[in-house]
Amino acid sequence: MKDRYELTVDYVRYLNDAGEPLDELPALSADADRLLDAYRNMVLARTLDQKIIALQRTGKCGTYPSVLGHEVIGTAIGQCMERHDVFVPYYRDQATQLLRGVPMVNMLLYWGGDERGSAGWELCPQDLPISVPIATQCCHAVGIASAMRIRDEKRAVVVTLGDGATSKGDFLESVNLAGAWHLPVVFVVANNQWAISTPRGLQTGSETIAQKAVSGGLPGHIVDGNDYFAVSEAVEHALERAHGGKGATVIEAVTYRLGDHTTADDATRYRSADELRSAWDKDGIKRLQSYLHRAGHWDADKEKELQAHCRDKVDKAVHVYLEKAPEPPVAMVDYLFETLPAALAGQRERLARKVEGVRS
Amino acid sequence: MNASAENAIRHGEGAPVAHKVTLVEAVNLALAREMANDDSVVVLGEDIATNGGVFRATVGLKERFGYKRVMDTPLAENLIAGTAVGMATQGLKPVAEFQFMGFIYAGCEQIISHAARMRNRTRGRLHCPLVYRAPFAGGIHAPEHHSESTEALFAHVPGLRVVIPSSPQRAYGLLLAAIRNPDPVIFLEPKRIYRAVTQTVMDNGEALPLDTCFTLREGDDITLISWGASIMETLQAADRLAEQGVSAEVIDVATISPLDRETLLCSVAKTGRAVIVHEACRNGGVGAEVAASIAEGAFLDLQAPVVRVTGYDTVMPYYRNEQHYLPQVDDIVAAVEQVIAL
Amino acid sequence: MRNFKLPDLGEGLPEAEIVEWHVKVGDTVEVDQVLVSVETAKAIVEVPSPEAGIIARLFGEAGDIIHTGEPLLAFEGEGDDSGTVVGELKSSQARDGQGEADSFIIGAAPSSKRARANRATPGVRALAERLGISLENIKGSGPGGLITNDDVHRQASHQKQLGEAEALRGPRRTMAKNMALSHAQVVPVSIFEDADIHDWEKGTDITMRLVQGMARACEASPALNCWFDGDNLSRRLLDEVHIGIAVDTPDGLFVPVLRDVNHRSMEDLRQGLENLREAVATRKIPPREMQGATITLSNFGTMTGQYANPVVSPPQVAIVGAGKIRDKVVPHKGKPAVRRIMPLSVTFDHRAATGGEAARFMAALVEALGVDSNG
């Protein structure tokens, strides 16, 4: 046993707030297509986000958590993952889900209160649905990673969670198991400074979240969550480790929750307008855009075209969503078990007789 | 564990062999049988691999199937429950053990919010073919928290099956069915009768049906309905009643949820009287669901009110007063006499 | 191997040094026999054996320190695996005495399912009774097969048009059901013979003679006095002969059982038969009295008829039919003579008995009947 244990947690960023390189950029910066794909996905995610909030305000959608401020983290994860890896989200991962191939209509259905939203994900059939009970998805992630390990598969799991979730036992227990069983899993903590109204400082006395990795014997890294290059490099490296059988990693991506917790929340009750304004200065989409402009890959026309394209794409999806009739009431019973037990047959019958507006 | 069962498990005999086994040995037999039949079945829990489980329910499995399929987990029930969910969505069939039902509560969020709902909330895209096993109920002079009987909590959760065997044969057959079932099953093993009875069980991989009650004894005068270890007292009561000229039909509910109301109603149609026996506390116990179902479905056949013989609405007392809590044969006979007199 | 751990030697002494072993591996020791001398901080102590057994292993040599609770030695035998981590789990007492296969019905017993079939509210039952309608024949059109008032009215008008269909009740109903059951299962073969009863005394009790004759025949051919299980293909040869005696009454066919015919005295049997006759006549016969027959006698000869192939009633395998006693011209001691004859029929279930066994039975019966009253 060592006499002394020292832990170092690096903080990595490559671009300043204005999008100017601080240091030599990682190799992926040379791939212009990749950067442009990333940018387009971020803008699409934000466009969709604004639209869903509008739907909610007009009563056409249920409570919804905005992705504002998480577009960079989400996009970086989505790009780095292999198709056959498994993504385990919490509920602010719209940007990743778009890249994973979850159709926008599905996302609208889910937040619109229709279980079919989580069904039929043909491009990522093993990805888990949104997780509402905080941090519980961490246990699922290590379960999935265990299955991969048992079967000797060269696949990995990426699980996301917020800063609040890191206080819960599920997270710590999962980090612990990931270390004990040497599992191919990457924990990406999107530290957006707020767990509803609880600021990061009240969430834990730990100086960083990444250092909680040491409790399970895992490496922990901090990156600027609004820095596309920093996040991409960290996730890429962690996935390499996982795919290579070298075990798990914890990445803390530091960002800011630019929106309310959900459409039912009013963040002005607990945080200052000044703080929010200075956070917008650090916005990751603006940062990458500046970089792309400077690198000659982007211009105002392209921007206009992209915005129109995203609006159009989103509008089309919204249209399909609004036109979709709700499932019949028997759907409540039909997906509880593979085959309907006799005990439920009577209840299904009653539901089958239900016609909208007529109570049986 | 007796030598022949141990031998079969260690050396994986292919042809079906009859074994004289206790209930916990039957659990072991079923686990070994299904792990041999189906590579996707894995077992996890605390102290289950090297130690073979604190009640020896998983003894011999690690030696036979290896550490990748028989996993000792860290001490974290919530993690065990949630890890099983993740594994199951990947097509494994995990059988996760909670060392005692008293420690299952930490895993409730994962069981109720996730395992029970995964199929429903993804409209079948993902589902959880898993089994959560736990020794449950009291009567073994254990320290506190080791005698819980809260099957009603889980019976109240849609999407979960709750199964309770009461004999070695039924433990073998029902556990096989539970493992093969594509949806989550909570399999509660009454530890008071883990070793109390030996039966000859054919290790032939034949499952018994879930969602069905079992008629253990036929009778015409009254229907006795029970499950778990209380079946022992119920059968003894039936014997005593037979001497008094009262012929009791004894039904083992076995699958607490979803409940096989049809079998219960058929029996009450014949006898016109019912007494329900369960160890769990009275208020909100599964006996209430059975009684309500009988009132709804067989009111026209009843000659007397449906009576429940249950544990008290208190915490299970410690060792010293344990026997005052559990329904005794006398209690059951007295309830029957009261009902017959009407 | 069962470990014996160093017990607390008093006053919380944590350890002791082995001074001298008094046993070696392979020794058989008795309870309290001194195993070893150990030295504590205070004194030299002798450690007695807690049980009788054979020493399998010694942990340590003279001079070694052993701590309280550590294994001192091991006895041969089963390990001390308590098989639990808390409390105590009671084991089954006689492991070999138990161990039978479990038996239970999956779901409801057939009798329960039948009970559930007929369902009607008290009001509907009353209506049916008023109209003279039996609920048994009505298929309920209500929820769950419930019989409604409409169903009853429909049945009533149906009956009015076609005339009263008499629903079979009681013994006639039972007869219909039992005969159908028998037909479905039994493979009947009949054998016919005549018994020469010319030399009987006047006033002989015919039924008594038949009963006794059957007892003799059962002794001679036990294969016809048994219970046969067609499903499991097994039979139970029975020691006692319980004869079901078919009695025809205005209310229908009854078959009370005269028990233990082969072990009872004549007087006793006679009385028993009288009791049975009376009980049947007054319809005061409990159902138990009609169960348990091992073979049946159908004395249809009280009316008319010579031979018949009466119906075997499972699980029995045989039935004897006695026809009307009559005069017949038969060869007797080489010359034609008019003799008093009782025609006999024996039907047996060929699944359970052979023709030879039946023939032997018949031969013994004929012989027993042919003997005069005092024989």
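Each residue is numbered by its place in its chain's sequence as written, counting from 1. Working convention: letters from A go to chains and numbers from 1 go to ligands, in the order in which they are written. A pLDDT threshold of at least 70 governs which residues receive local features in this predicted model, and a stricter bar of 80 or more applies before side-chain atom pairs are shown or counted, although totals over entire chains, interfaces and linings include all residues.

### Comments concerning the sheet that holds strand E7 (residues 220-224) of chain A
Residues and elements named next belong to chain A. Note the following rule: Pairs of strands are assigned from DSSP output, requiring at least two bridges between the strands. A run of H or I in DSSP counts as a helix once it spans at least four residues, and a run of E counts as a strand once it spans at least two, with each numbered from the N terminus. By the convention adopted here, residues are in contact when the distance between their C-beta atoms, placed from the backbone, does not exceed 7 Å. Axes here mean lines fitted to C-alpha atoms, for a helix over just the part in contact, with angles spanning 0 to 180 degrees between N-to-C directions.
Read from one edge of the open sheet, six strands run E1-E7-E8-E4-E3-E2, paired in parallel fashion. Strands at the two margins of the open sheet, each flanked by one partner only, are strand E1 (11-12) and strand E2 (86-88). Bridging between E7 and strand E8 (residues 249-254) involves five bridges; their strand directions are parallel. Across the sheet, Asp-224 pairs through a bridge with Val-254, a residue of E8. Here helix H5 (residues 136-150) sits on the sheet and contacts E2, strand E3 (157-162) and strand E4 (185-191); the angle it forms with E3, its principal contact strand, is near 170°.

### Comments concerning helix H11 (residues 286-298) of chain B
Put simply, the rule reads: By definition here, a helix of n residues has an expected span of 1.5 Å times n minus one.
Relative to the 18 Å expected for 13 residues at 1.5 Å per residue, H11 of chain B spans 18 Å between its end C-alpha atoms, a close match to the ideal helical length. For H11 of chain B, the elements touching its buried residues are helix H7 (151-155), strand E10 (222-226), strand E12 (255-257), helix H10 (261-271), strand E13 (274-281) and strand E14 (307-311) of chain B.

### Notes on the environment of Ala-142 of chain B
Residue and element names in this part refer to chain B. The line we're drawing: The burial criterion counts other C-beta atoms lying within 10 Å of a residue's C-beta, which is placed from the backbone; the residue is buried at 20 or more, exposed at 12 or fewer, and partly exposed between these limits.
Its place among the elements puts Ala-142 in the loop between strand E5 (131-136) and H7. Overall, Ala-142 belongs to the buried group, with 24 C-beta atoms counted inside 10 Å. A sequence separation of 176 residues divides Ala-142 from Tyr-318, and the C-alpha atoms of the two residues are 7.5 Å apart.

### So, the interface of chain C and chain B
Selection criterion: Under this grouping Gly is polar, as are all residues other than the nonpolar Ala, Val, Leu, Ile, Met, Phe, Trp, Tyr, Cys and Pro and the charged Asp, Glu, Lys and Arg.
Between chain C and chain B, the residue contacts involve 29 residues of the former and 37 residues of the latter. If you list the elements that add at least two residues to the side of chain C that touches chain B, you get strand E9 (105-106) and helix H1 (110-117) of chain C. Grouping the amino acids of the side of chain C that touches chain B by side-chain chemistry returns ten nonpolar, eleven polar and eight charged.

### What about unusual backbone geometry?
Between Ser-257 of chain B and Pro-258 of chain B the backbone carries a cis peptide bond, its omega angle lying at 0°. As for its position among the elements, Pro-258 of chain B is in the loop between E12 and H10. Cis geometry is found at the peptide bond from Pro-314 of chain C to Pro-315 of chain C, where omega equals 10°. Despite not being glycine, Ala-137 of chain B has its phi angle at roughly 70°, a positive value. Tracing the backbone through its elements, the reader meets Ala-137 of chain B in the loop between E5 and H7. In this structure, Asp-211 of chain B takes a positive phi of about 60° despite not being glycine.

Keep in mind these values describe shape, not function.
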